[in-house]
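These are the residues of each chain, in order.
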Amino acid sequence: MQNLRKNWLLVFISTLFIGLFFFFITWGNIHTETYNIERFTNANETIRSPINIENEQETQRKTRETVQSVEDRFNISEEITNERLAYANEIFEAISKLEEEELASEEESNDATRLPVTTQEKVQRLKQILSDEITEGLSDNVLATLVEIPKEQREEGKEVLIEALNDTFETGVRTESVESATSHANELIAYSELDSEVTEVLTDIADFAVVENSIYDAERTSEARKDAASSVEPVMIRAGEIIVREGQTITNEVYEELKLVGLLNNQRNLYPIIGLALLILLLASFVAYELNWISKRFKGDKRKIVSIILISIIVVSLMKIVSIYTTQSNQLFFVVPLATGVLLIKQLIHERSAIVLSVIYAILGSIIFNHQIPGSLNVEAGVYFLLSQLAAIIFLMNVKDRMAILKAGAGMSAVNIVTLLSFIFLSFEKYAIGDIFIQSAYGVVAAFLSAVLTIGLLPFFETVLGILSDIKLLQLSSPNQPLLKKLLTKAPGTYHHSIMVANLSETACEAIGANGLLARVGAYYHDMGKTVRPHYFIENQLAIKNPHDVISPAESADIIISHPYDGADMLKKHRIPKEIVDIATQHHGTTLLKYFYYKEKEKNKKVKEESFRYPGPKPQTKEAAIICICDSVEAAVRSLKEPTEEKIEDIVVSIIRDRMTDGQLDESPLTLEDLNLVQRTICDTLKGIFHSRIQYPMKEAK
């Protein structure tokens, strides 16, 4: 319980520190500076808007102008148009009717003494049959002239008049445009090829016929103005938009815009701070969850937590430094080697942690590179950082040496270039070929800087914090390591035993998803303590008498029991990582030296079992527990004169059962399912090693 509280306290303090660091690093990107500016003075610097906001006063002015520019809507009255055209047709039809009546009268009466009908009589007769509107609108002279015009010219004149009236009425005649409409009709008549006498009378008729036929429509006008008002886009002041340039006069309009965006007071400064605090709190929650997972997985290992803090400080500080020199036209964030962090985390801690923190670093990058515009995120930077880091995690695999990191850098370069090209082609801006090559070069530089920084920083974490990485494990597995050379020369039998245990342990660990490389290297060093008294261990007793035959069982037990702790001391002196030291200390747990215990019990019935047990601790990890099993299995199988598959399986099963019943695996995270899989894997591996061989016949001596 106390350890659990300590772990929670460590996670809480670490999360608090990281959260505060993130907050103060990004503070400058959301904090807006205020200015003490007076109207009609000159600006000392170029000032940009920190927010997106609508200029309501300017929007209203623009709306008002747009509404005022909308013309009144009119409806052309077909009724009026048809009525005036009907009047024009009625005049000509009435004259034609009079002529027909006069012709009929002449045919009925052959009286030569009959006097001809005068023009005045014709006009009077015409006025009797015409509408009152016509007789009131046209003078007798116009009618008299019209009846005297020959029929053919009158018909031509009628066509010209009707066509002119149609053209005039078609476009609509308003009250204020009656005169211009009448002039238009008269011009059309004047341009005809009719006699001047005919055009003159037609002009008089047109003056009478042309009246207002376009009526003001209040409803349509109102709807048009509403549509125009709704179509007006709000006048926005965009974040990052220049309000006033250095040296420019602060006019009333500029002053109002500065006031509107909150640059003349501190009223708006509180909201970005609250927003940032909430975002950092959310990110810190994810960090806390991940740190708690790391603490549980690695048994409260403080070194892992400290490495997360240091890596976060390094990568976020790198982004902040580069952001100082980044502008909207010079996008230097493409050069940031942000993938350094996840490359280190994947090697030093776990791939899961690398993925979680890659997302957090990408979000922070989108804030840091927002060009100090509160409320905005640089989405382009965030996407670039995220894809670059995920590429680093994916391409860093099969780590056998530091060249694997450089290979991952090559993969990152390809992803960075593709990402940058996608940004270029998705934008509407035109880029020169030179710009494309420059930005692609940024992506390559960022990738290889990440790889180089990772290679440079990795020894720091391995040495100063003592964190074990795959590269460090591969270095420790080299036969040229001084301790392994010492084991080979002083205890060759133990060396061979360690190699066999390493093979078994690695295979078993990989079968259950544990760290096979750690198990292999741990097995190499687990019996290093036997180099102190190598001849007291049977595998090193070649053609010599067993020294245990001449000493008491208690003394033999002390020598045997001390070897894990002698080895641990030796490993600590040579600064071998703690994980390897723990395996050396735990690989026998608290098992009983049965041979010497029962031998002593034959002489002393009161002997205590605790005196012949290893002090422990019991195996704490899967790797240590598997080495504990494989160590005993290898020694037991090696002692068989004729190993068979049945004998091997019996030995493996009995040893695992013995370790379980003795409680040696109680503190390890191995499950029963894991143990079953470990049992099958060890048996299969040993059967492959101790397979049946052909017995070749010996040649008889002649």
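Data block above holds the structure.
All of the points below concern the structure found in this document. (Residues numbered from 1 in each chain as written. Predicted model: local features only at pLDDT ≥ 70, side-chain atom pairs only at ≥ 80, totals over all residues. Heavy atoms only, no water.)

1. Concerning the packing of aromatic side chains
- For the structure on display, the rule yields 16 aromatic pairs.
- A ring pair is formed by F333 and F334, whose centres lie 4.3 Å apart and whose planes are at 55 degrees; its orientation type is tilted.
- Their ring planes at 65 degrees and their centres at 5.9 Å tell us that Y597 and F612 sit as a pair that is edge-to-face. With a gap of 15 residues between them, Y597 in helix α25 (residues 594-603) and F612 in the loop between α25 and α26 (622-638) connect regions that are remote in the sequence.
- On the accessibility criterion, Y597 (7% relative accessible area) is buried.
- Clustering of aromatic rings is evident, with ring pairs tying together F333, F334, F369, Y384, F385 and F423.
- Seen from the ring of F208, R84 lies directly overhead, with NZ or CZ sitting 4.8 Å from the centre.
- Positioned over the ring face of F298 is K304, at 4.7 Å from the centre of the ring. (Phe/Tyr/Trp six-rings, centres within 6.5 Å; stacked < 30°, edge-to-face > 60°. Helix = DSSP H or I, 4+ residues; strand = E, 2+ residues; numbered from the N terminus. Buried < 20%, exposed > 50% of the residue type's maximum accessible area, 1.4 Å probe, protein only. Lys NZ or Arg CZ within 6 Å of the ring centre and 35° of its normal.)

2. Quick look at the layout of surface pockets
- By volume, the largest pocket is sized at about 1500 Å³.
- R297, F298, N515, L518 and E623 are the residues nearest the centre of the largest pocket, which is lined by 40 residues in total.
- Sorting the residues of the lining of the largest pocket by element identifies α12 (270-297), α13 (302-324), α14 (339-348), α19 (470-476), α22 (516-525), α24 (578-586) and α26 as the ones contributing at least two each.
- With five residues, α24 is the single largest residue contributor to the lining of the largest pocket.
- Of the residues belonging to the lining of the largest pocket, the class tally is 16 nonpolar, nine polar and 15 charged.
- In this structure, the second largest pocket encloses a volume near 1100 Å³. (1 Å grid on protein atoms, 1.4 Å probe; cavity = no way out; pocket = protein on both sides within 12 Å on 5 of 7 lines; lining within 4 Å. Points joined across faces, edges and corners; volume = space filled by probe spheres on them. Nonpolar A, V, L, I, M, F, W, Y, C, P; charged D, E, K, R; others polar.)

3. Looking at the environment of I91
- Tracing the sequence through the fold places I91 in helix α3 (residues 78-108).
- The exposure class of I91 is buried, given its relative accessible area of 0%.
- The spatial distance from the C-alpha of I91 to the C-alpha of L426 is 73 Å, given a sequence separation of 335 residues.
- Not counting residues up to four positions away in its chain, the partners in contact with I91 are L130, I134, L138, L146 and I205. (Contact = heavy atoms within 4.5 Å.)

4. Side note on the packing of helix α27 (residues 645-661) against helix α28 (residues 672-689)
- Where α27 meets α28, the axes come as close as 10 Å, and the angle between the chain directions of the two elements is 150 degrees. As far as their axial angle goes, α28 and α27 are roughly antiparallel. In this structure, the crossing between α27 and α28 has a hand that is right-handed. Only L672, L675, Q679, I682, C683, L686 and K687 of α28 make contact with α27, whose side of the interface consists of E645, I648, E649, V652, V653, I656 and M660. (Axes fitted to C-alpha atoms, helices over the stretch in contact; angles between N-to-C directions. Parallel < 35°, antiparallel > 145°, perpendicular 65-115°, else oblique. Left-handed = near helix turned anticlockwise from the far one by under 90°.)

5. Some remarks on helix α16 (residues 379-395)
- Between its first and last C-alpha, α16 extends 24 Å over 17 residues, near the 24 Å set by a 1.5 Å rise per residue.
- Within α16 the residues assigned to the buried category are A381, G382, Y384, F385, S388, Q389, A391, A392 and I393.
- Next to the buried residues of α16 lie α13, α14, α15 (351-368), α17 (403-426) and α18 (433-463). (Expected span 1.5 Å × (residues − 1).)

6. Remarks on the state of the cysteines
- Inspection of every chain in the model, using the stated rule, returns zero disulfides.
- Note on C509: no disulfide assigned, nearest cysteine sulfur contributed by C630 at a separation of 7.5 Å.
- According to the relative accessible area criterion, C509 is buried, its value standing at 0%.
- For the unlinked cysteine C683, the closest cysteine sulfur is that of C630, found at 11 Å. (Disulfide = S-S within 2.5 Å.)

7. A few points about the pattern of salt bridges
- Counted by the stated rule, this structure contains 21 salt bridges.
- We note a salt bridge from E579 to R303, for which the minimum N-O separation is 3.1 Å. Remark: R303 occurs in helix α13 and E579 occurs in helix α24; sequence separation between them is 276 residues. Each member of the pair, E579 together with R303, is buried.
- Shared partners join several salt bridges into a network, and the residues in it are E58, R61 and E65. (Salt bridge = Lys/Arg side-chain N within 4 Å of Asp/Glu carboxyl O.)

8. As for the environment of E58
- Summarising the element assignment, E58 is placed in helix α2 (residues 56-68).
- Taking C-alpha positions, E58 is 6.4 Å from V235, a pair spaced 177 residues apart along the chain.

9. Details of α18
- For α18, with 31 residues, the first-to-last C-alpha span of 46 Å sits near the 45 Å given by 1.5 Å per residue.
- In the structure, α18 departs most strongly from a straight axis at L457, where the bend amounts to approximately 25 degrees and where the proline P459 lies between one and four residues downstream.
- Along α18, the residues that are buried comprise I436, Q439, S440, G443, A446, A447, S450, A451, T454, L458, F461 and E462.
- Those residues of α18 that are buried are in contact with α13, α14, α16, α17 and α19. (Bend = angle between axes of the 7 residues up to and from the residue.)

10. Some words on the side chain of Q347
- Mapped onto the secondary structure, Q347 falls in helix α14.
- Among the polar contacts made by the side chain of Q347, one reaches the main-chain carbonyl oxygen of L343 at a distance of 3.2 Å.
- With near-sequence residues (within four places) excluded, Q347 lies in contact with L396, V399, I405, T454, L458, L468, S469, D470 and I471. (Polar contact = N/O pair within 3.5 Å; in protein donor to acceptor, adjacent residues only side chain to side chain.)

11. What to know about a nonpolar patch on the surface
- On the surface, a cluster of nonpolar side chains totalling about 640 Å² of accessible area is made up of L9, F12, I13, L16, L20 and F24.
- Take L9: it is sitting in helix α1 (residues 2-30). (Patch = residues over 30% accessible without salt bridge, like charges linked within 9 Å, V, L, I, M, F, W, Y side chains within 5 Å. Areas by Shrake-Rupley, 256 points an atom, 1.4 Å probe, with all protein chains shown as cover.)

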